[in-house]
Structure formats: C-alpha cells, structure tokens
Amino acid sequence: MTRVLLVTSSILADQGQSTQLARHFERLARQRDDIEITHRDVVADDLPHLGLDELSSWQVADAERSEAQRELATRSDERLAELEAHDVLVLAVPLYNLGIPSQLKAWFDRILRAGKSFRYTENGPVGLLEGKRAIVLGARGGQYAGSALDTQTPHLRHMLGLIGINEVDTVFAEGLSMGDEHKEAALTTAHAEIEALVARL
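Rules used in this analysis
Residues numbered from 1 in each chain as written. Predicted model: local features only at pLDDT ≥ 70, side-chain atom pairs only at ≥ 80, totals over all residues. Heavy atoms only, no water. UniProt positions renumbered as here; feature names shortened; annotations may be inferred. Helix = DSSP H or I, 4+ residues; strand = E, 2+ residues; numbered from the N terminus. Buried < 20%, exposed > 50% of the residue type's maximum accessible area, 1.4 Å probe, protein only. Contact = heavy atoms within 4.5 Å. Polar contact = N/O pair within 3.5 Å; in protein donor to acceptor, adjacent residues only side chain to side chain. Core = buried A, V, L, I, M, F, W, Y, C linked by side-chain atoms within 4.5 Å. Axes fitted to C-alpha atoms, helices over the stretch in contact; angles between N-to-C directions. Left-handed = near helix turned anticlockwise from the far one by under 90°. Nonpolar A, V, L, I, M, F, W, Y, C, P; charged D, E, K, R; others polar. Pairing = 2+ DSSP bridges. Salt bridge = Lys/Arg side-chain N within 4 Å of Asp/Glu carboxyl O.

Mapped onto this numbering, the UniProt entry annotates "binding site: FMN" (unreviewed entry) at S10. For S10, the position within the fold is in the loop between β1 (2–8) and α1 (17–29). On the basis of relative accessible area, S10 is assigned to the buried category, the value being 4%. For S10, the residues in contact, after removing those within four places along its chain, are G16, S18, T19, V43, P94 and Y96. A distance of 3.0 Å separates the side chain of S10 from the backbone nitrogen of L12, its partner in a polar contact.

What follows is the structure, encoded as structure tokens:
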C-alpha cells in the first residue's frame, strides 16, 4: 500500500486551479486499491506564523512541558507524525507574488525541525525522512518555469531536500490567466502529466 499525503494551499479552496490539479490527482489515485490518500488543507488549518513560544516548546522534553507548551508543540508533533506515516507527499501550490502561500510556509515551519526531520553535522544538515518522494502540482497565472522569476520551485526543492526528500517531480499548469485557449492547453498537458505520475506510484 502506498500512502499519499496530499497538501492543498489555495486561498480559493476548491475554486483554486492548484486545488483542481490536486482533485484530478486524487480522483485517479482513488481508482487504485493500492493507494491510500490523506488530504490536508493548510488554509483550512489556519496555522499561525511560527512564534518564539512555540519554537521554545520544542526544546523542552515531553514530560517537562507545561500544558501550554504541550499544546504549542502539538502543532509540529502531529504534522511531523503525519508526514512520517506517508510514502509520498503531494503539494498543490499556487504562485502568490512569486512565492508559496504563507499558509504553506507555516506548515513547512512545523515539519522543518532540527533533531526531528533533519540534523546538523560538520558537513551540513542531513535529512532524516529519507525514502520518501514528493510531487509538486503548481498552478500559475503567468509563465515562470525555468526563468529567474521562478523562485518558488527551488525554494520548495531546498525545503524538501533539507528533510531528505530529494526525489521531486513537478507538474506546472502555467499561463492560466493568459486566455481561455492557453488555459485549456496548459490544463490538458498538466492532467496528462499527473496521469503518468499516478501510474508510476
């Protein structure tokens, strides 16, 4: 059984193009008996930005945490445990102002955790979540892939690589705000690429 964690991050919810890509992936995957999917919507989760009190709670041993510290640490502990329990991470990501949604960054801030998902060594950080793979489903109004303006893709790859996820496939539906014809062609291509990736799971 392949366990897939599907993370959506569009503020437009089901109306978002990245969410529509995620739904296409999910429909195809659910036709397979050997794939199990968990869906996490980081916008609906509404995690706050990471603050000092929460960060500090991670440094306290479980048995020594106050009730407030346990509640704060749970935000990270639960999401890390969820990611660890899955084989494939699928990120459905819109492009907002040349970056990822702040809600998705808040989620990453809970799973990029020294001593838990990576450790520091004299040769640099080493990821602790090896053996997993990731798929990024990107939806963009303009065309950015391969250009200097695409800071989103390397950012995602670096964050995933930090925790040991180095096998990353990307599917982009770009130019979605450049007219209906362009949009339809981009979505058709993206859907075909998603179908190929699901077939490989």
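Soluble globular proteins tend to bury their nonpolar side chains together. Core analysis: the biggest nonpolar cluster contains 25 residues, and V4, L21, F25, V90, I135, L137 and I194 have the highest contact counts within it. Contributing elements (two or more residues each) for this core: β1, α1, β2 (35–41), β3 (88–94), β6 (133–139), β7 (167–173) and α7 (180–200). Per-element accounting of this core gives the leading share, 6 residues, to α7. Here I194 is in contact with L21, H24, F25, L28, L137 and V171, once residues within four sequence places are set aside. Counting residues in each nonpolar core, the second largest holds 23 residues, with V42, L89, L112 and V136 among its members.

Turning our attention to the UniProt feature "domain: Flavodoxin-like fold" (unreviewed entry) in the protein. Look at the UniProt record and you will see "domain: Flavodoxin-like fold" (unreviewed entry) annotated at residues 3–196. Along residues 3–196 the backbone is 41% helical and 22% strand, and the end-to-end C-alpha distance reaches 18 Å.

A word on the packing of α1 against α7. Where α1 contacts α7, the axes come no closer than 10 Å and their chain directions differ by 35°. Once α1 is placed against α7, the crossing between them reads as right-handed. On α7, the residues that touch Q17, L21, H24, F25, L28 and A29 of α1 are K183, L187, A190, H191, I194, E195 and V198. Classifying every residue of the contact of α1 with α7 by side-chain character gives 8 nonpolar, 3 polar and 2 charged.

Reading across the sheet, the 5 strands line up as β2-β1-β3-β6-β7 and stay open at both edges, with parallel pairing between neighbours. In the strand order of this sheet, the two ends are held by β2 and β7, each with one partner. Mean inter-strand twist for the sheet, computed between neighbouring axes without regard to direction, equals 15°. Note that β6 and β7 share 7 bridges and pair parallel. By the bridge assignment for β7, A139 is matched with A173. Where α1 meets the sheet, it contacts β1, β2, β3, β6 and β7, and its direction lies at approximately 135° from that of β6. Taken strand by strand, helix α5 (residues 102–111) contacts β1, β2 and β3, and its axis lies near 150° from that of β3.

This part is about the pattern of salt bridges. Applying the stated criterion to the full structure yields 19 salt bridges. For R3, the salt bridge identified is with E36, shortest N-O distance 3.3 Å. Taken together, the positions of R3 in strand β1 and E36 in strand β2 put the pair 33 residues apart, joining distant regions of the chain. With relative accessibility at 34%, the residue E36 sits in the partly exposed group. Its salt-bridge partner being R40, residue E82 comes within 2.5 Å of it at the nearest N-O pair. Here the residue E82 occupies a position in helix α4 (residues 67–84), and R40 occupies one in strand β2, the gap between them amounting to 42 residues. Judged on exposure class, the residue E82 and its partner R40 are both buried. Linked through salt bridges whose partners overlap, the residues forming this network are D14, R23, E26 and R30.

Right, let's talk about unusual backbone geometry for a bit. Despite not being glycine, A13 has its phi angle at roughly 55°, a positive value. Examined against the element boundaries, A13 turns out to sit in the loop between β1 and α1. Using a relative accessible area of 39% as the deciding quantity, one classes A13 as partly exposed. One non-glycine residue, L98, lies in the positive phi region at around 70°.

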